[in-house]
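Close look at the chain arrangement
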Amino acid sequence: DIALTGTGALAPEITIEQPAGTDRADGSGTVAFGDSVLGVPVVKTLTIRNVGSSALNLGAITIDGAGAADFVPAAPSSATLGLAGSATLDVTFTPSTTGARSAVLHIASDDGDESPYDIMLIGIGSAPPGLLRLARDINQTGAGPGISITNAAMIGTTIYFAANTADTGTELWK
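First, a word on what this report is: a plain description of the structure on this page. (Residues numbered from 1 in each chain as written. Predicted model: local features only at pLDDT ≥ 70, side-chain atom pairs only at ≥ 80, totals over all residues. Heavy atoms only, no water.)

What follows concerns the overall build of the protein chain. Assigned secondary structure in the protein chain consists of one helix and 12 strands. Listing each helix as α and each strand as β along the protein chain from the N terminus yields β-β-β-β-β-β-β-β-β-α-β-β-β. The burial tally for the protein chain puts 32% of its 174 residues in the buried class. Taking all contacts inside the protein chain whose residues are at least 6 apart in sequence as the whole, residues at least 24 apart take part in 63%. Just so you have it, the protein chain exposes about 9400 Å², and 56% of that area is on carbon and sulfur atoms. (Helix = DSSP H or I, 4+ residues; strand = E, 2+ residues; numbered from the N terminus. Buried < 20%, exposed > 50% of the residue type's maximum accessible area, 1.4 Å probe, protein only. Contact = heavy atoms within 4.5 Å. Areas by Shrake-Rupley, 256 points an atom, 1.4 Å probe, with all protein chains shown as cover.)

The sheet built from four strands is open, its strands ordered 1-3-7-5 with antiparallel pairing. In this open sheet, the two edge strands, each paired with only one partner strand, are strand 1 (14-17) and strand 5 (71-73). For this sheet, the mean inter-axis angle between neighbouring strands, taken without regard to orientation, is 25°. (Pairing = 2+ DSSP bridges. Axes fitted to C-alpha atoms, helices over the stretch in contact; angles between N-to-C directions.)

Among the structural elements, Leu105 can be located in strand 8 (residues 99-109). Between the alpha carbons of Leu105 and Phe71 there is a distance of 8.8 Å; along the sequence they are 34 residues apart. In this structure, Leu105 is in contact with Leu46, Ile61, Thr62, Ile63, Leu89, Val91, Tyr117, Asp118, Ile119 and Leu121, ignoring residues within four places of it in sequence.

Next up on the list: the side chain of Ser126. Tracing the chain through its elements places Ser126 in strand 9 (residues 117-126). Once you skip the residues sitting within four places of it in the chain, Ser126 turns out to touch Asp35, Ser36, Val37, Leu38 and Thr98.

Let us look at the pattern of salt bridges. What the rule picks out here adds up to two salt bridges. Residues Arg49 and Glu17 are paired through a salt bridge, measuring 2.9 Å at the closest nitrogen-oxygen approach. On the criterion of sequence distance, the pair formed by Arg49 in strand 3 (residues 42-50) and Glu17 in strand 1 is long-range, its members being 32 residues apart. Owing to a relative accessible area of 27%, Arg49 belongs among the partly exposed residues under this scheme. Take Glu17: its relative accessible area is 8%, and that puts it in the buried class. (Salt bridge = Lys/Arg side-chain N within 4 Å of Asp/Glu carboxyl O.)

A sheet is described by the order of its strands in space; here five strands give the open sequence 2-9-8-4-6, paired in mixed fashion. Unpaired on one side and paired on the other, strand 2 (30-37) and strand 6 (80-81) mark the two borders of the sheet. Bridge count between strand 8 and strand 9: nine bridges; the pairing is antiparallel. In the strand pairing of strand 9, Ser102 is matched with Ile122.

Here the bond from Gln18 into Pro19 is cis, since omega is -5°, no more than 30 degrees from zero. Structurally, the position occupied by Pro19 is in the loop between strand 1 and strand 2. Cis geometry is found at the peptide bond from Ser115 to Pro116, where omega equals 5°. Structurally, Pro116 is set in the loop between strand 8 and strand 9.

Next comes the structure, spelled out in structure tokens:
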């Protein structure tokens, strides 16, 4: 017989899934929100799991990057995850401008090698269907001599138009 002795180390281990059951790797995982009309929120639910051998304590949840203001995390359903425990975290994407938007979600915890856990967030902001048609119609009917609508955006319930005018150059109207 051989007698074995030793000391084991208990450690929490975080993993993130979206959708549930699909791992998103730390540092290279991405959550795609798809295409959304300006001002219309899209929510994705992330599942945070503790696959370690001791309780996992979550810390600050932050978002940074060029499109950070368009992504908002809610509080997780639990800040402490026991062995094999999980919590959900909703992240809302509400595009404020048209085009591709991206940011990075950071989830701090007491995991020894993955804190913060970083996940790329991406989404696309689209103008409401009628807004682009309105801009096109204004250009075709001639809103005035030398006026050309170059861009349109809706923020809240207000429509903004960027236009080049023959008289004054670029102007912003609402």
